[in-house]
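A structural walkthrough
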Amino acid sequence: MENNGEKNVKPAAKGRETSEFLMAIVRTLSTSADFEQREKEKARIEKTFTQSDKKLVELVSENYQDLTQITQDFSTISKSVNDAREKIKKIKDDLSSCKTLLHCKRDELRRLWIEGVEQKTMVAMLEQIEQIKEVPTKLDNLLLKKHYLHGTELVVNAVAKLENQLAGVEALRDLKAELITRKEQLHEVLIEELNKQIYIKAQTPNFSSLPGKKTGSLSKQDTLKRKGGNGVPPPEKMEFGKEVKEDLNSNPEDDPTHFIAILVESLYMLRKIPEAAEGLKIRIQPELSAIIARTSQYILESTSNQMDASNQSQYLLDLLENIFYQFRFVANMHKVVLRNLHRIITTGDQREVSGVPVRQECLYDKTDVWSKIQAVVELLLREYLDVENTSASRQRAPTSFDEPSTDINSFFAKKRPAKPKKMALFRFDASIHAISTNSYVDDSRAFDTGDLFSSSLLAEMGLEKNQMVCKPSVYNITAIFKPLEAFIREIEDAIACQDGTSILQSFVTDFVQNIFLGHVHYTVSTSIGSATKDLIRYYKNPQMDEEDESFDALRHVVDHKTQKELGVNRPLLTSTVTVDKNLQELRELMQDLPDYADQFLNMICNTLKEYRDTCHSAYREIVQYDSDERRVISAMWAKDEDISRFLRSLPSWRSLQVSQGQELASEDVCSEEEIKALNSKEAQILISNLTSSDGLIQQEIITDVTQMRTIANVHESLEWFSNRMKDFSNGLSARSTATAAESAASEYPPVSEKTLGSLRNLVKDFQDLAEICLLLLHLEVRVHCFYFLLPVAKQSNYAGPIDDLDPDSNVLKLNKDLTSMEEVLQQSLQPKKFKYIFESLGFLVASILMNSIQYMKKINENGIKKMCRNLFAIQQNLTNITMSRESDLDHARQYYELLYINPDDVITMIAEKGSQYTFQEYTELVKLHHRSHPALSPSQLEQRMQKLKDVFFKTPNGECDS
């Protein structure tokens, strides 16, 4: 169009330029006075004209065809324009004629027009009546297919027409009343459908994890569970469309989010938004309770044949996990509903309900939903955690544990004797009748929950007594605590608690702190108390007849089946196993309830402290031998720091550490000469302490071998127990020093550093007591040797007649005592520890008898034979015990056989072959020879002693032996 405009403008401009040019020429010619100048101008103009004419001819020749075509087109257009003018003129004439004719028949036309309008109105009304008559049928079809938006719009429009355009049609009165009723009832249908979408569609519990259910045959609901609720995406991932439209060619339930938007929009069209919001709010708690009832019934039906009374808490866990899943779905669906309601509220200025905008206070919010969920879950937990029955008898648990610095010697201090308690003469608990009766009652009540639940709470939740999936118990919290806490965190994140704690969290915290911890503490204390009560009674009353003693001793040791289950090969005290079992339960509680790990660790420490005191009390009762609470010799030496340190430094003790997982360092490995020297030093210490006084050992030994078996059992039990507790303490980390990686890798949650230190101190106390028991047995066996062997030299006659050649009675008693201790300790101690008790015992016996030569008044050949028989009898017995020849006793026998030889010959033998014994031993040998021969003078004794000294210290071995 711009180009055409340029073509129209250019010719006019060119014409103006040409005329101006001609006027300039005329002006020049007329004003010029010189003829020549006019001629020049004229010649120039002619020349220019000739050039222009020539150029025009060339242009016409070049564009001849275009000019011809333009001329023809112009003729055609001109003709068409003329024809159109003629036709327009004819139409104007015809219209003028029609106007004149119509003006003549104006009244008749008006009448026909009015009749036409009336006819159209009547036809339209008839069409509306026909359409309204079909409304009930169409409405039923739409509601059957759940196209609620079209149905609502249909009934609303129909009622509006009946109340306005068709208000005067009497024939439609019944239809009008029916449609108004249907309209009033439709909002209830819509609310019911909303509830169905919120609650019924949430029922896709994961029952495939139930015990006893085959994982290979998954139900349709299980498949839907994996896809996410009824085969649709999770509600939190749903998005709203900008416009709510309904497709009649699709299933509206395929998209729950859009379907809920349609339902809310339909309620708005019915002007029932406030009523719908109130109805949804009222139905929250009953519907949640119904979900619990349905899920409980489903679990009971699914597991009716596989109900395991020992794993009932698992059914509660499955119930809660499925309920939590459904409650999350319900909360998200309510979120969808609320978003649609708020969408309507935001457009309230244009969309009003009965002339009044929809207000925010007419609705509910997500806090209301989560509050109802928390209330229902709390009611459920109150039933399954047996809050009503346990709150009446609450046991407060200790909340702190401050372990002072403990001294192991303080437990051996003198204490007032406890008053004897009255004991029942007999009980019927273990009778056949009582056992059979109790077993029948327990079996009949294995899963009878009929009278255990509060009927009021059950009615409030909509449950029945036979719908409980497990027995109520405070210990059910252990199985459900972690998923419950995770669910509570979801609630607190959803409602953004201002104080940081939800109602449900407050209930759980109050239950655990005020009920569960106290119940656990009471249960553990009762269990351990009953296990240690008889133990202390037995220790305090060892003087029983043989039958009662045997029964009582065996009663405190676990049976072989329990030993096999524990993986030990020696008997353990029942009390120790009971304590360990209870502590194992507390350790499991630390894992199940990690938020309360410190409280459970406090219980463990308190339990360990009480059991430690009990063990020390029992130990004191064993090692005291009179009313003054004086201890036996071995017990006093075992707690003596110097003797204990020396005994722990011996290779035999260090070798025991290898069996406990500690490697023996290369510098700790001793040669035979070093071991012999250390054994000699041990024997010298014992001899110097036990033979320094003139009197003999009286009541300072443990005469009852069953007490030694008890000490051995205590040692094995406490060592096993301390190792288990040490592994447990090593698996713990302090909260102040633990890193995030360590906390994640640890089996237990981080705990208080102070409590952890107290635990490790207690473990060390148990380990120390176990070692003291082993040291006591080691020393007690040796003290028994002194007890029986010291009188052999001091009280027996070795210068008697020829017929007195049998071993000394004390030697026979010692052999019998050693055999009894062997039988007891071999059954109670591990082989390495048994070896530790009896090894190097031959060296000690030899040293005792060789050292006892100083107490003999005189000896003859019969006495020498008797002493050799004593040594041989002991050697045979020790060989049977240690399964190795005790060569040290051969050495002692050879020592006494030197008495057959004259002292001068002995001195000559030393000079020729070297010394085999110490100078002191040779000295006592010479002195006994002189005491046995009264005819020898003291001067002869002095001469021989001087000669012995000169020879002994000149021999190669003499210097070493000295």
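Residues numbered from 1 in each chain as written. Predicted model: local features only at pLDDT ≥ 70, side-chain atom pairs only at ≥ 80, totals over all residues. Heavy atoms only, no water.

**Re the overall build of the chain**
When its secondary structure is counted, the chain shows 37 helices and two strands. Expressed as a percentage of its 962 residues, the buried residues of the chain come to 42%. Counting only contacts in the chain whose residues sit at least 6 apart along the sequence, the fraction spanning at least 24 positions is 77%. Accessible area for the chain stands at about 53,400 Å²; split by element, carbon and sulfur atoms hold 51% of it. (Helix = DSSP H or I, 4+ residues; strand = E, 2+ residues; numbered from the N terminus. Buried < 20%, exposed > 50% of the residue type's maximum accessible area, 1.4 Å probe, protein only. Contact = heavy atoms within 4.5 Å. Areas by Shrake-Rupley, 256 points an atom, 1.4 Å probe, with all protein chains shown as cover.)

**What to know about a nonpolar patch on the surface**
A contiguous nonpolar patch, built from Leu-56, Val-60 and Leu-67 and spanning about 250 Å² of accessible area, is present on the exposed surface. Mapped onto the secondary structure, Leu-56 falls in helix 2 (residues 35–62). (Patch = residues over 30% accessible without salt bridge, like charges linked within 9 Å, V, L, I, M, F, W, Y side chains within 5 Å. Salt bridge = Lys/Arg side-chain N within 4 Å of Asp/Glu carboxyl O.)

**What about the packing of helix 28 (residues 753–794) against helix 31 (residues 841–851)?**
Remark: helix 28 packs on helix 31, axes separated minimally by 10 Å, with the N-to-C direction vectors making an angle of 30°. When the interaxial angle is binned, helix 28 and helix 31 end up roughly parallel. Where helix 28 crosses over helix 31, the two elements pack in a sense that is right-handed. Contact residues: Val-781, Arg-782, Cys-785, Phe-786, Leu-789, Leu-790 and Val-792 in helix 28; Leu-841, Leu-844, Val-845, Ile-848 and Leu-849 in helix 31. Residue composition of the contact of helix 28 with helix 31, by class: 11 nonpolar, no polar and one charged. (Axes fitted to C-alpha atoms, helices over the stretch in contact; angles between N-to-C directions. Parallel < 35°, antiparallel > 145°, perpendicular 65-115°, else oblique. Left-handed = near helix turned anticlockwise from the far one by under 90°. Nonpolar A, V, L, I, M, F, W, Y, C, P; charged D, E, K, R; others polar.)

**Concerning a negative patch on the surface**
A cluster of like negative charges, contributed by Asp-34, Glu-36, Glu-39 and Glu-46, occupies part of the molecular surface. For Glu-36, a relative accessible area of 54% puts it in the exposed group. (Lys, Arg positive; Asp, Glu negative; His and termini not counted. Charge placed at Lys NZ, Arg CZ, Asp CG, Glu CD.)

**Focus: the pattern of salt bridges**
If you walk through the whole model with that rule in mind, you get 25 salt bridges. Arg-182 serves as the salt-bridge partner of Asp-140, at 2.5 Å between the closest nitrogen and oxygen. Placement of the pair is Asp-140 in helix 5 (residues 135–144) and Arg-182 in helix 7 (residues 173–198), with a sequence separation of 42 residues. Residue classification places Asp-140 among the partly exposed positions, given a relative accessible area of 39%. In this structure, Lys-146 engages Glu-193 in a salt bridge whose closest nitrogen and oxygen atoms are separated by 3.5 Å. Placement of Lys-146 in the loop between helix 5 and helix 6 (148–163) and of Glu-193 in helix 7 is noted, with a sequence separation of 47 residues between them. Residue class for Glu-193 comes out buried when judged on its relative accessible area of 7%. Each of Lys-609, Arg-612, Asp-613 and Asp-765 takes part in one network of salt bridges that share partners.

**Here's the deal with helix 23 (residues 641–649)**
Within the sequence span of helix 23, burial applies to Ile-643, Ser-644, Phe-646 and Leu-647. All buried residues of helix 23 lie within an arc of 160° about the axis, which places them on one face of the element. For helix 23, the exposed residues set more than 90 degrees away from the buried face come down to Glu-641 and Asp-642. Taking the backbone nitrogen of Asp-642 as reference, a side-chain oxygen 3.1 Å away marks Asp-640 as the first, capping residue of helix 23. (Arc of directions from axis to C-beta. Polar contact = N/O pair within 3.5 Å; in protein donor to acceptor, adjacent residues only side chain to side chain.)

**A short note on the packing of aromatic side chains**
Under the definition given, this model contains 21 aromatic pairs. Centroid distance Tyr-895 to Tyr-896: 5.7 Å. Interplanar angle 80°. Geometry classified as edge-to-face. Judged by its relative accessible area of 0%, Tyr-896 is buried. Consider the rings of Phe-952 and Phe-953, whose centres lie 5.3 Å apart with planes at 85°: the pair is edge-to-face. Residue class for Phe-952 comes out buried when judged on its relative accessible area of 0%. Using a relative accessible area of 39% as the deciding quantity, one classes Phe-953 as partly exposed. Ring pairs connect the aromatic residues Tyr-895, Tyr-896, Tyr-917, Phe-919, Tyr-922, Phe-952 and Phe-953, which therefore count as one cluster. Looking at Arg-587, its charged tip hangs above the ring of Phe-728, at a distance of 5.3 Å from the centre. Of note, Lys-794 hangs over the ring of Tyr-855, and the distance from its end group to the ring centre comes to 4.5 Å. (Phe/Tyr/Trp six-rings, centres within 6.5 Å; stacked < 30°, edge-to-face > 60°. Lys NZ or Arg CZ within 6 Å of the ring centre and 35° of its normal.)

**Regarding the confidence of the model for the chain**
In this model, the chain carries a mean pLDDT of 78, and residues with pLDDT of at least 70 account for 76%. Element-level mean pLDDT values for the chain span from 38 in helix 8 (residues 220–227) up to 92 in helix 12 (residues 366–384). For the stretch residues 205–238, pLDDT sits under 50, and the model shows 64 contacts to residues farther than four places along the chain or on other chains. Per-residue pLDDT stays below 50 along residues 663–667; that stretch engages in four contacts with residues further than four places along the chain or on separate chains. (pLDDT = per-residue confidence, 0-100.)

**Examining helix 16 (residues 477–495)**
Maximal helix bending in helix 16 amounts to about 30°, located at Pro-483. Among the residues of helix 16, Ile-477, Thr-478, Ile-480, Phe-481, Leu-484, Glu-485, Phe-487, Ile-488, Ile-491, Glu-492 and Ile-495 are the ones counted as buried. Directly after helix 16, the chain includes Ala-496, whose backbone phi takes a positive value near 50°. (Bend = angle between axes of the 7 residues up to and from the residue.)

**Looking at the side chain of Gln-875**
Relative to the assigned elements, Gln-875 resides in helix 32 (residues 861–882). Looking at Gln-875, the relative accessible area reads 2%, which means it is buried. Apart from the residues within four sequence positions on either side, Gln-875 is in contact with Arg-885, Glu-886, Leu-889, Asp-890 and Arg-893.

**Side note on the packing of helix 11 (residues 312–346) against helix 12**
Running from N to C, helix 11 and helix 12 point in directions that differ by 165°, and their axes come no closer than 10 Å. In terms of their interaxial angle, helix 11 and helix 12 are classed as roughly antiparallel. Along this stretch, helix 11 crosses helix 12, giving a crossing that reads as right-handed. On helix 12, the residues touching Leu-316, Leu-319, Leu-320, Ile-323, Phe-324, Phe-327, Ala-331, His-334 and Leu-338 of helix 11 are Lys-366, Val-369, Trp-370, Ile-373, Val-376, Val-377, Leu-380, Leu-381 and Tyr-384. When the residues that make up the contact of helix 11 with helix 12 are grouped by side-chain class, the tally is 16 nonpolar, one polar and one charged.

**Here's the deal with the environment of Tyr-748**
Relative to the helices and strands, Tyr-748 is located in the loop between helix 27 (740–745) and helix 28. Separated by 20 residues in the primary sequence, Tyr-748 and Phe-728 have C-alpha atoms spaced 9.2 Å apart. The contact partners of Tyr-748, leaving out residues within four places of it in the chain, are Arg-587, Met-590, Gln-591, Phe-728, Gly-731 and Leu-732.

**Details of the state of the cysteines**
Enumeration over the complete set of coordinates arrives at zero disulfides. Lacking any disulfide linkage, Cys-773 is separated from the closest cysteine sulfur, that of Cys-615, by 8.6 Å. (Disulfide = S-S within 2.5 Å.)

**Some remarks on the environment of Arg-283**
With respect to the element layout, Arg-283 can be found in helix 10 (residues 273–302). With relative accessibility at 25%, the residue Arg-283 sits in the partly exposed group. Placed 91 residues apart in sequence, Arg-283 and Glu-192 show a C-alpha to C-alpha distance of 10.0 Å. Look past the residues within four positions of Arg-283 in its chain and what remains in contact with it is Glu-192, Asn-195 and Tyr-199.

**Notes on the environment of Val-337**
Looking at the element boundaries, Val-337 is found in helix 11. The class of Val-337 is buried, set by a relative accessible area of 0%. Along the sequence, Val-337 and Asp-365 sit 28 residues apart, while their C-alpha atoms lie 9.9 Å from each other. Residue contacts for Val-337: discarding those within four places in its chain leaves Leu-194, Ile-198, Ile-260, Leu-280 and Tyr-364.

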